[in-house]
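Residues per chain, in single letters:
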Amino acid sequence: LNAFAISRPAESYHDHNAARMRPRILERLARGESVALVSDAGTPLLSDPGYKLVRAAIDAGHNVESVPGASAPLAALVVAGLPTDRFGFFGFLPVKPGARRKALEQAAGFPGTLVFFETGPRLARSLADMAAAFGARPAAVARELTKAFEEVQRGPLTELAAKAAGVPPPKGELVVLVGP
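Residues numbered from 1 in each chain as written. Predicted model: local features only at pLDDT ≥ 70, side-chain atom pairs only at ≥ 80, totals over all residues. Heavy atoms only, no water.

Novice: So what's going on with the packing of helix H5 (residues 120-134) against helix H6 (residues 157-165)? Which residues, and what values?
Specialist: The N-to-C vectors of H5 and H6 enclose an angle of 155°; their axes lie 8 Å apart at closest approach. The angle between H5 and H6 falls in the class roughly antiparallel. In this structure, H5 crosses over H6, and the sense of that crossing is left-handed. Across the interface between the two elements, Ala124, Leu127, Ala128, Met130, Ala131 and Phe134 of H5 pack against Leu157, Thr158, Leu160, Ala161, Ala164 and Ala165 of H6. For the contact of H5 with H6, the class distribution of residues is 11 nonpolar, one polar and no charged. (Axes fitted to C-alpha atoms, helices over the stretch in contact; angles between N-to-C directions. Helix = DSSP H or I, 4+ residues; strand = E, 2+ residues; numbered from the N terminus. Parallel < 35°, antiparallel > 145°, perpendicular 65-115°, else oblique. Left-handed = near helix turned anticlockwise from the far one by under 90°. Contact = heavy atoms within 4.5 Å. Nonpolar A, V, L, I, M, F, W, Y, C, P; charged D, E, K, R; others polar.)

This is the structure in structure tokens:
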């Protein structure tokens, strides 16, 4: 908005205030106002509470449209060098190790490229659990896609896990992809 000198009121909508903000947004829509759900962290509705707002707007009879934009999972899939004909997006893995390992066991049978979101502080542990669950499958870790510090590391999952274990956690948004 700043790049095009567009000045509009903005309100925050996230996990911690969604239940309070949703009725306010629906009231604005009921008055005939237009509302845009935008994000500075990739495509809205992917691993965020935006889908609850969309569902509520649809249920209330409001029109919902999408304007395509940056999508970290798709951008990562394109640059990973892994098969793109079939892929599954699994969002963020659970924080607790037991639940994370169980989620990985469930994903292991998916017949395509696996796509996960991850945080820097959890990357090494998640890659280690992935290597234990999937072995040396080809993989990629994409960081800060479409931004100035974009980086993609590719290799066998076991090597990426070993490399992540010996360095400080990366900063920024991460997408981990594991080949079939």
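Novice: Account for the pattern of salt bridges, naming residues and giving values.
Specialist: Using the criterion set out here, one finds nine salt bridges in the structure. The partner of Arg28 in a salt bridge is Glu11, and the shortest N-O contact between them spans 3.6 Å. Of this pair, Arg28 sits in helix H1 (residues 18-30) while Glu11 sits in the segment before H1, and the two are 17 residues apart along the sequence. Here Asp129 makes a salt bridge to Arg101, at a shortest N to O gap of 3.8 Å. (Salt bridge = Lys/Arg side-chain N within 4 Å of Asp/Glu carboxyl O.)

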